[in-house]
Amino acid sequence: MVIRVRYFARLREELGREEDTLDAKGLSCVADVWARAHPGQERPPGVLMAVNQAYAAPDDPVRDGDEVAFFPPVTGG
């Protein structure tokens, strides 16, 4: 029962790692995933989230086996 957490771009650089694996027990939403992976550290402003490669909101549900990603805003031109 695990949730894979991935970090991209500057978040990966700032955190010094590209992923975490968390026990899914007690995690009900995306915000819970960040809180468990980074106790006492607020999610940086503007950070986007995804569950299984689909954009997500902090209160979107997570389940065992999900992949949750955190990444800075996407820009392009």
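Residues numbered from 1 in each chain as written. Predicted model: local features only at pLDDT ≥ 70, side-chain atom pairs only at ≥ 80, totals over all residues. Heavy atoms only, no water.

**Quick look at the overall build of the chain**
Then comes step 1: The number of helices and strands found in the chain is 2 helices and 5 strands.
Then comes step 2: The helix and strand sequence of the chain, counted from the amino end, reads β-α-β-α-β-β-β.
Then comes step 3: For a compact globule of 77 residues, the expected C-alpha radius of gyration is about 11 Å, and the chain comes in at 12 Å, within 12% of that figure.
Then comes step 4: Summarising its shape, the C-alpha atoms of the chain cover approximately 40 × 25 × 20 Å along the three principal directions.
Then comes step 5: The buried share of the chain, reckoned over its 77 residues, is 38%.
Then comes step 6: The long-range fraction of contacts in the chain, counting pairs at least 24 apart against all pairs at least 6 apart in sequence, stands at 47%.
Then comes step 7: Surface exposure of the chain reaches about 4700 Å², of which carbon and sulfur atoms provide 50%. (Helix = DSSP H or I, 4+ residues; strand = E, 2+ residues; numbered from the N terminus. Rg over C-alpha atoms; globule rule 2.2 N^0.38 Å. Buried < 20%, exposed > 50% of the residue type's maximum accessible area, 1.4 Å probe, protein only. Contact = heavy atoms within 4.5 Å. Areas by Shrake-Rupley, 256 points an atom, 1.4 Å probe, with all protein chains shown as cover.)

**Looking at the nonpolar core**
Then comes step 1: Membership of the largest hydrophobic core comes to 19 residues, with the highest contact counts inside it found for I3, Y7, V30, V33, V62, V68 and F70.
Then comes step 2: Contributions of two or more residues to this core are made by strand 1 (2-7), helix 1 (9-15), helix 2 (30-37), strand 3 (48-51) and strand 5 (67-71).
Then comes step 3: Apart from residues no more than four positions distant in its own chain, V30 is found in contact with M49, V51, A56, A57, P58, D60, V62, V68 and F70. (Core = buried A, V, L, I, M, F, W, Y, C linked by side-chain atoms within 4.5 Å.)

**Quick notes on the pattern of salt bridges**
Then comes step 1: Considering all chains together, one arrives at 5 salt bridges under this definition.
Then comes step 2: Between D20 and R17 there is a salt bridge whose closest N-O contact spans 2.8 Å.
Then comes step 3: A single salt-bridge network, built from bridges that share partners, covers R4, R6, E19 and E67. (Salt bridge = Lys/Arg side-chain N within 4 Å of Asp/Glu carboxyl O.)

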